Amino acid sequence: MTKLGAGIIGLRMGYQHLIGYKNNPYVEIRGICDVDKERLNQVAEEFKIEFATTDYRELISRPDIDIVSVASPDYCHLEHATEALKAGKHVLLEKPMALSLEECEEMIKVSRETKRKLMVGQVCRYTPAFTLAKSLIKEGTIGELFYLECDYAHNYEHTEGVGGWRKDPRREPLIGGGCHAVDLIRWVGGEIEETFAYANHKALRDWPVDDTTVAIFKFKDDTIGKVLSSIGARKPYTIRAVFYGTEGAIIAENTSPEIYVHQAYRSEMAGYAAIPVNISHHNVTAEIAEFVDAIVNDRPLEMDGEEGARTIAVCVSAIESTRTKRPVKVKYIS
């Protein structure tokens, strides 16, 4: 079997991609790229990779590379992803897909024109706690879903990123980090039609953007949802979701070894279960397995560019609401 050649742009989050590719039987890592030479050399030595460059163009021009992971800072995604697609590579793009809908639209256009696969890395869809919760909801364990909420709580105070990319004023935290929570409730709850949101700027006052946003969502089937996105939360990083149904509720967290299921019985007594799960809150290995399988078997991706753009559309609408102080209909790319 001829293996697919993989290249990785950006070796911090991209480090998890390296592990995922290394563990995949259909892939061979053939190149890496990072502007930090020290980091580049360390990773090249650790993974025994012969080709390492600080210029992503050199990486994507290699004919032995078939797939490229783009794990660079958010504002580089458009350039790196579109150029890799134009070079004939399939692209796995770290979240967020982009910082604007216009950038998303351009990536989708190029993916269609080049007939190359474009996948957006929303790892909550591969987190064991959340995949189990969704499966139980689909089976009807808690009845009909009527409300769901998710908190993305992270403290960016000392994690500005190399060169301060996280602190860039173009990077709205609801898009850059909070898209995890938005995508999760979309994945479980379905189509979002409208949002109303508030934001403030009290936790990280020296940052150029609002640090906390609370957004309420109306789904197509009248389910209601809520997302809290905070990059100034003085607590350990977590993504926590609660799902309420007509017959019970589920609590799931990406850093917890259990999910909690509450069921209502015909008597007045409540049923309760703590179900063990693996803690793998950045399960990039499973994400890569999905990506590679879609390429090998030439099948559609669930988390393709169109789906990634729909999550960004919801985030953009919520940010618009924080500024207009009015409900906003979600404007999806047609």
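Treat the numbers as computed from the prediction; the structure is a model and nothing was measured.

Caption draft 1: Structural context of helix 9 (residues 284-296). End to end, helix 9 covers 18 Å across 13 residues, agreeing with the expected 18 Å (1.5 Å per residue, within 8%). Among all positions of helix 9, only Val284, Glu287, Ile288, Glu290, Phe291, Val292, Ala294 and Ile295 are buried. Buried residues along helix 9 sit in contact with strand 1 (4-9), helix 1 (14-22), strand 2 (27-33), strand 4 (67-70), strand 5 (90-94) and strand 6 (118-121). Asp298 sits one or two residues past helix 9 and shows a positive phi near 45°.

Caption draft 2: Quick look at the pattern of salt bridges. In total, this model carries 29 salt bridges according to the counting rule given. Across the pair Arg12 and Asp36 runs a salt bridge, and its minimum N-O distance is 2.9 Å. In this pair, Arg12 sits in the loop between strand 1 and helix 1 while Asp36 sits in the loop between strand 2 and helix 2 (37-47), placing the two residues 24 residues apart along the sequence. In this structure Arg12 comes out as partly exposed when scored by relative accessible area, which is 40%. Where Arg125 meets Asp183, a salt bridge forms, and the shortest distance between an N and an O atom there is 2.7 Å. One end of the pair, Arg125, is in the loop between strand 6 and helix 6 (128-138); the other, Asp183, is in helix 8 (residues 179-189), with 58 residues separating them in the sequence. Grouping residues by exposure puts Arg125 and Asp183 together as buried. Salt bridges here are not isolated pairs; linked through shared partners, they connect Arg125, Asp183, Arg186, Glu302 and Glu307.

Caption draft 3: Layout of the nonpolar core. Among the nonpolar cores identified, the biggest contains 72 residues, and Met97, Phe217, Phe243 and Ile250 are the most heavily contacted of them. Those residues in contact with Phe217, other than ones at most four positions away along the chain, are Val182, Ile185, Ile192, Glu194, Thr195, Thr223, Ile224, Gly225, Lys226, Val227 and Val314. The next biggest cluster of nonpolar side chains, apart from the first, holds 26 residues, and it includes Tyr21, Ile32, Ala294 and Leu301.

Caption draft 4: Spotlight on unusual backbone geometry. The amide bond that connects Lys95 to the next residue, Pro96, takes the cis arrangement and shows omega of -10°. Within the element layout of this structure, Pro96 appears in the loop between strand 5 and helix 5 (101-114). Even without glycine at this site, Lys48 takes up a positive phi of about 55°. Relative to the elements of secondary structure, Lys48 occurs in the loop between helix 2 and strand 3 (52-53).

Caption draft 5: Summary view of the state of the cysteines. Overall, the coordinates contain zero disulfides when judged by the stated rule. Distance from the sulfur of Cys104, which forms no disulfide, to the nearest cysteine sulfur (Cys315) is 9.7 Å. With no disulfide partner, Cys124 has as its closest neighbouring cysteine sulfur the one in Cys150, 6.3 Å distant.

Caption draft 6: Up close: the pairing of strand 11 (residues 238-245). Counting buried positions over the eight residues of strand 11 gives six, a clear majority of the element. In terms of strand pairing, strand 7 (residues 145-153) meets strand 11 through eight bridges, oriented antiparallel. Paired with Leu148 across the bridge in strand 11 is Phe243. Two strands pair when backbone bridges link them, and strand 11 and strand 12 (residues 248-253) are joined in this way by six bridges, in the antiparallel orientation. Within the sheet, the bridge partner assigned to Tyr244 lies in strand 12 and is Ala249.

Caption draft 7: The packing of helix 1 against helix 9, seen in detail. For the pair helix 1 and helix 9, interaxial distance at closest approach is 8 Å and the crossing angle is 60°. Between helix 1 and helix 9, the angle falls in the class oblique. Where helix 1 crosses over helix 9, the two elements pack in a sense that is right-handed. Contacts between helix 1 and helix 9 pair Gln16, His17, Ile19, Gly20 and Tyr21 from the former with Val284, Thr285, Glu287, Ile288, Phe291 and Val292 from the latter. Residue composition of the contact of helix 1 with helix 9, grouped by class: six nonpolar, four polar and one charged.

Caption draft 8: Up close: the side chain of Asp34. Its location among the elements puts Asp34 in the loop between strand 2 and helix 2. Reaching out from Asp34, the side chain makes a polar contact with the backbone nitrogen of Asp36 at a distance of 2.8 Å. Apart from residues lying up to four places away in sequence, Asp34 is in contact with Gly10, Leu11, Arg12, Leu40, Thr53 and Thr54.

Rules of the game
- Residues numbered from 1 in each chain as written.
- Predicted model: local features only at pLDDT ≥ 70, side-chain atom pairs only at ≥ 80, totals over all residues.
- Heavy atoms only, no water.
- Helix = DSSP H or I, 4+ residues; strand = E, 2+ residues; numbered from the N terminus.
- Expected span 1.5 Å × (residues − 1).
- Buried < 20%, exposed > 50% of the residue type's maximum accessible area, 1.4 Å probe, protein only.
- Contact = heavy atoms within 4.5 Å.
- Salt bridge = Lys/Arg side-chain N within 4 Å of Asp/Glu carboxyl O.
- Core = buried A, V, L, I, M, F, W, Y, C linked by side-chain atoms within 4.5 Å.
- Disulfide = S-S within 2.5 Å.
- Pairing = 2+ DSSP bridges.
- Axes fitted to C-alpha atoms, helices over the stretch in contact; angles between N-to-C directions.
- Parallel < 35°, antiparallel > 145°, perpendicular 65-115°, else oblique.
- Left-handed = near helix turned anticlockwise from the far one by under 90°.
- Nonpolar A, V, L, I, M, F, W, Y, C, P; charged D, E, K, R; others polar.
- Polar contact = N/O pair within 3.5 Å; in protein donor to acceptor, adjacent residues only side chain to side chain.

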